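Secondary and tertiary structure notes
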Amino acid sequence: MAKKKTAPAVAGENAIELQETAGLSQNQIVFRRFLRHRAAMISVIGLLFIVLFVFSAAGLRFGSERNAATTPGWWPYSITDIADMSSENCAEGLVGCPTLDVLPAFIDGTGMGLGKHPFGQDDIGRDYFALVMRGAEQSIQIMLIIGSIGALLGTVIGAISGFFRGWIDAVLMRLTDFIITVPTLIIGAVIGHRVGNLGVTLLGVFLGLFAWTGLSRLVRGEFLSLREREFVDAARVAGASNRRIIFKHILPNAVGVIIVSVTLLMSGAILLETGLSYLGFGVVSPDVSLGSLISQYQTSFSVRPWLFWWPGFLIVAIALCINFIGDGLRDAFDPRQKRRITKRDLVKADKASKDA
Amino acid sequence: MLFVILLGSSFLIYNLAAIASDPLEELRVSSDPKVKQQILVLIRDLQLNVPPPLRYFNWLKGVLGGFVGDFNLGLTRSHESVADAIGHAIPISIRLVLGATILAIVLGITVGIVTALRQYSKFDYAMTFLSFLFFSLPIFWVAVLLKEYLAIGFNDFLADPVLSWPWLLGLSVFAGVFWSSVLGGSRSQVFLKFGIAFSANALVLFLLSETHWFAQPALGPLVVFAMSLGVAFVVTHLSVGLSNRKVLYGSLSVSVLGFALYLPVQQLFTKQFSDLTLWGLFAASLLVGITAGYFSTKIDRGAAIRTTSLVALLTFGIIYVDRLMRTWKSYSETDAINYRPVPTVGEANSLLEPGNYWFTTLDSALHLFLPTVALTIISFAGYVRFSRGSLLEVLNQDYIRTARAKGLTERTVIMRHAFRNALIPLTTIIAADFAGVIGGAIITERVFGWVGMGTLFNKAIGGQDLNLLMGVFFVTSSLAVLANLVADLLYSALDPRIRIGK
């Protein structure tokens, strides 16, 4: 077991903790804790980079592939351009290999560079970088839509049933139970099969309509306990309306729970979307998503593995970043969570007390 | 209450699916001259002129008929009974997920506990990262990778079963790092443990590889005996402590008995061996365990019996696995296998001649191998995170400090006071996972070509088959609701502070 801490050491740690949070508001404390969470910060930067890179490369696109509103991106190829198969950088007998070269010249003799088709070409010659970027963009879009609709509905429904209780609560929670009993993949497939061809935006909206159940339960629980607290009584005595109490007094106190579970909802959403598209019940051709790319090219793994690797890497990278951000947020919002006091902190505190 | 929820959710999904599907879609675009008639027939067959909310009650009537012995889930689009189709699919799906779920629970909880005990160590950080990674993996992606590298790569390796030096050293370094970080200690101890684990692992791998063991694996009586003794020590240490000599001698005598019975038992392991004999032997070893536990001590007999029975069962398990391993060589030499024993798709090799119990058992075990690994990887992460958090929570409680202050050993504090209480909240997540795994298996089945519930579901959605879809839904959500009920009951049984109801 870990070494037992002696009483003065514990007192010293508490002092460090207190000193650090002195004069800060709750939000500032949370924000500082989050900034200090290394994995979460790396993930925030990574995720921002991925999102900006993907969206700027492929250009924004809403609606379905046939009927889309688009802005151009910086990548020259689009997903409908069919180029000649290039055998650049390929082993004997292969065409359309990735031309991306990340090793500098002193290791493998050729310099670093993107080449013509950095991610290679698919079997009919389409540029795979363009396909993956578009797929990632669509997947991220669906994820964000599911996340925001789920967050909105979950918070509203949870808040209403937790605050008003009584029959409203009973009705809303039964509805939640009805939806939560059905495995997500089943609901998703039933909906996705129908609206998948209407474009990713609508698919995201419809999936979002069923993604709020877990969050609403959590928010309800939080509201049920917060509404009994003294500060709510005080607000009511001071004449605050229900709306003011919900938005100004209770919601800010429940925001930690909401943010954390929305992040986890989003990482679930991207796995759900890719899974559905893999099964063919989500995004369907001519639209592409990361899941549909994998499903389309999985059979070519033994010959042209790059068609399989890139979309998979992106899914894992996005989901991993979101999960780490969620973990960092949870730690930041958790009032019991104490910062690990390192030896250096103790030395610093010791010195400071001697100086004083 | 649960019944009402089931009613509500089935009503919801029925209407949703009815609105979302269009069984006439294909016919509408068809150019067949008789298309009008076909549409009319279909409308009559599927009662499409009845609005979905009313049609639901028709379906419900069939389900409720189950109470009067007239259960009816309707017919599929190809006029087969839905109940029959599902009846065939359920055992396959359960076979697919059961092993993986149990494995994920056992491994996940073990790793979760070790990470909690070594909080903020390198091992903890590594496992945290790994579980987040596993959490973020799409199962269809993992599955294809496993197929490519684990199955095909391993089969290629078996053609020439000699480990190359980089592999040997790499695996040994991994083993060294793993064991030294799990066991922990001061810096010099860590180095010592690394050295021992590294060299032991390297030596064993070298010998196995040089003797071509991987192509003809077997344990043999002596290794079986050694492993069984190891099991006896570990189990006794974890359950009652090695200082309890009586129980230790009890467990050790079970091991010795297992060794003595090794050869006689082999006479039973014939081609005509059956599951019935297997269960018989299972019961016999349980009986041996209970007897040994009962007579080994007079104090705290319950714990002693638990310990020795576990040792007996595990010893029998090792003997059984040894027999299966010795089937390996002749199995892979059959024409059906042709030296590529790890399969990538299907539930069983149809070319394999039936009649040999060991061949068919090994065959289905090998077919289960890849899906089990994939499913385990996916659900493992949740258990690690959850059990780690739960144990850390418990370790901060006052009664743990009390237990330590009383002077109990660290083993007793952790295994008896902390571990048991940390397990209670896990019942909920286990129940939820078991229900959810059926959903996850939809994708797994597709990748590995199993024909279970997931395939039925895919067929139902793709073929716009409402009755089949409702059948699948009915089974999965009944299971989910049932699992929740069991979890609630278990919860209240395990934690007396919780009372269900008023």
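Residues numbered from 1 in each chain as written. Chains lettered and ligands numbered in written order. Predicted model: local features only at pLDDT ≥ 70, side-chain atom pairs only at ≥ 80, totals over all residues. Heavy atoms only, no water.

1. Some details on the overall build of chain A
In terms of regular secondary structure, chain A is built from 14 helices and two strands. Within chain A, buried positions represent 47% of all 356 residues. Taking all contacts inside chain A whose residues are at least 6 apart in sequence as the whole, residues at least 24 apart take part in 68%. Surface accessibility of chain A: about 17600 Å² in total, with carbon and sulfur atoms responsible for 63%. (Helix = DSSP H or I, 4+ residues; strand = E, 2+ residues; numbered from the N terminus. Buried < 20%, exposed > 50% of the residue type's maximum accessible area, 1.4 Å probe, protein only. Contact = heavy atoms within 4.5 Å. Areas by Shrake-Rupley, 256 points an atom, 1.4 Å probe, with all protein chains shown as cover.)

2. A short note on the overall build of chain B
Along its length, chain B carries 19 helices and zero strands. Along the longest, intermediate and shortest principal axes, the C-alpha atoms of chain B span 85 × 65 × 45 Å. Across chain B, every contact between residues at least 6 apart in sequence was considered, and the portion connecting residues at least 24 apart equals 73%. For chain B, the accessible surface area stands at approximately 25900 Å², while carbon and sulfur atoms represent 69% of it. Distance from the positive charge centre (36 side chains) to the negative charge centre (29 side chains) of chain B: 13 Å. (Lys, Arg positive; Asp, Glu negative; His and termini not counted. Charge placed at Lys NZ, Arg CZ, Asp CG, Glu CD.)

3. Focus: the layout of surface pockets
Residue and element names in this part refer to chain B. Estimated volume of the second largest pocket: approximately 1700 Å³. In terms of lining residues, the second largest pocket is bounded by 39 residues, among which Tyr320, Val321, Leu324, Thr361 and Ala365 are the most central. Mapped onto the lining of the second largest pocket, the elements with two or more residues apiece are α5 (82-117), α10 (220-239), α12 (275-296), α13 (301-333) and α14 (357-395). The leading source of residues in the lining of the second largest pocket is α13, at 11 residues. When its residues are assigned to classes, the lining of the second largest pocket shows 32 nonpolar, five polar and two charged. (1 Å grid on protein atoms, 1.4 Å probe; cavity = no way out; pocket = protein on both sides within 12 Å on 5 of 7 lines; lining within 4 Å. Points joined across faces, edges and corners; volume = space filled by probe spheres on them. Nonpolar A, V, L, I, M, F, W, Y, C, P; charged D, E, K, R; others polar.)

4. Considering the side chain of Ser309 of chain B
Residue and element names in this part refer to chain B. Following the sequence through the fold, Ser309 ends up in helix α13. The class for Ser309 is buried, based on a relative accessible area of 9%. Here the side chain of Ser309 touches Ile305 through a polar contact of 2.4 Å, landing on its backbone oxygen. (Polar contact = N/O pair within 3.5 Å; in protein donor to acceptor, adjacent residues only side chain to side chain.)

5. Thoughts on helix α8 (residues 165-183) of chain B
Residues and elements named next belong to chain B. End to end, α8 covers 27 Å across 19 residues, agreeing with the expected 27 Å (1.5 Å per residue, within 8%). What α8 keeps buried is the set Leu168, Ser172, Ala175, Gly176, Ser180 and Val182. Looking down the long axis of α8, one finds its buried residues gathered within 160° of arc, a one-sided arrangement. Those residues of α8 that are exposed and angled more than 90 degrees off the buried face are Pro166, Trp167 and Phe174. Gly184 sits one or two positions beyond α8 and adopts a positive phi of about 70°. (Expected span 1.5 Å × (residues − 1). Arc of directions from axis to C-beta.)

6. Digging into the interface of chain B and chain A
The interface of chain B with chain A comprises 48 residues on the first partner and 43 residues on the second. The junction of chain B with chain A conceals about 4200 Å² of combined surface from both sides, 77% of it contributed by carbon and sulfur atoms. Three residues stand out in chain B for area buried against chain A, namely Phe132, Phe140 and Trp141 of chain B, and they jointly supply 16% of the buried area on that side. If you look at where chain B meets chain A, you find one salt bridge. Measuring nitrogen to oxygen at the nearest pair gives 3.9 Å for the salt bridge that ties Arg385 of chain B to Asp327 of chain A. Connecting chain B to chain A are five residue pairs in polar contact (both at pLDDT 80 or more). Going through the elements one at a time, α1 (2-20), α6 (122-135), α7 (139-159), α14, α17 (426-448), α18 (453-462) and α19 (466-494) of chain B are the ones with two or more residues in the side of chain B that touches chain A. (Buried area = accessible area lost by both parts, 1.4 Å probe. Salt bridge = Lys/Arg side-chain N within 4 Å of Asp/Glu carboxyl O.)

7. Quick notes on the confidence of the model for chain B
Residues and elements named next belong to chain B. Here chain B shows a mean pLDDT of 85. Residues at 70 or above account for 97%. Per-element averaging of pLDDT across chain B places helix α2 (residues 25-29) at the bottom with 72 and helix α15 (residues 398-405) at the top with 92. The complex prediction reports pTM at 0.85, with the ipTM value standing at 0.82. (pLDDT = per-residue confidence, 0-100.)

8. A word on α10 of chain B
Residues and elements named next belong to chain B. Counted at 1.5 Å a residue, the expected span for α10 with its 20 residues is 28 Å, and the 28 Å between its end C-alpha atoms agrees. Residues of α10 that are buried include every one of Gly220, Val224, Ser228, Val231, Ala232, Val235 and Thr236, and no others. Axial view of α10: buried residues confined to an arc of 155°, hence all on one face. The elements touched by buried residues of α10 are α11 (245-268) and α13. One or two steps after α10, the chain reaches Gly241, where phi turns positive at roughly 95°.

9. Here's the deal with the domain arrangement of chain B
All names here are of chain B. Domains assigned within chain B are domain 1 (2-72) and domain 2 (81-161 + 343-502). Each of domain 1 and domain 2 has a C-alpha centre, and these two points are 34 Å apart. Taken residue by residue, the interface counts 16 residues in domain 1 and 11 residues in domain 2. Where domain 1 abuts domain 2, roughly 1300 Å² becomes buried across the two surfaces, and 81% of that area is made up of carbon and sulfur atoms. Looking at the side of domain 1 facing domain 2, the largest losses of area belong to Leu2, Leu6 and Trp59, adding up to 40% of the total buried there. Between the two partners, domain 1 and domain 2, sit zero salt bridges. Our enumeration of links across domain 1 and domain 2 arrives at zero residue pairs in polar contact (both at pLDDT 80 or more). Per element, the largest residue contribution to the side of domain 1 that touches domain 2 is eight residues, and it comes from α1. (Domains from an automatic or database assignment.)

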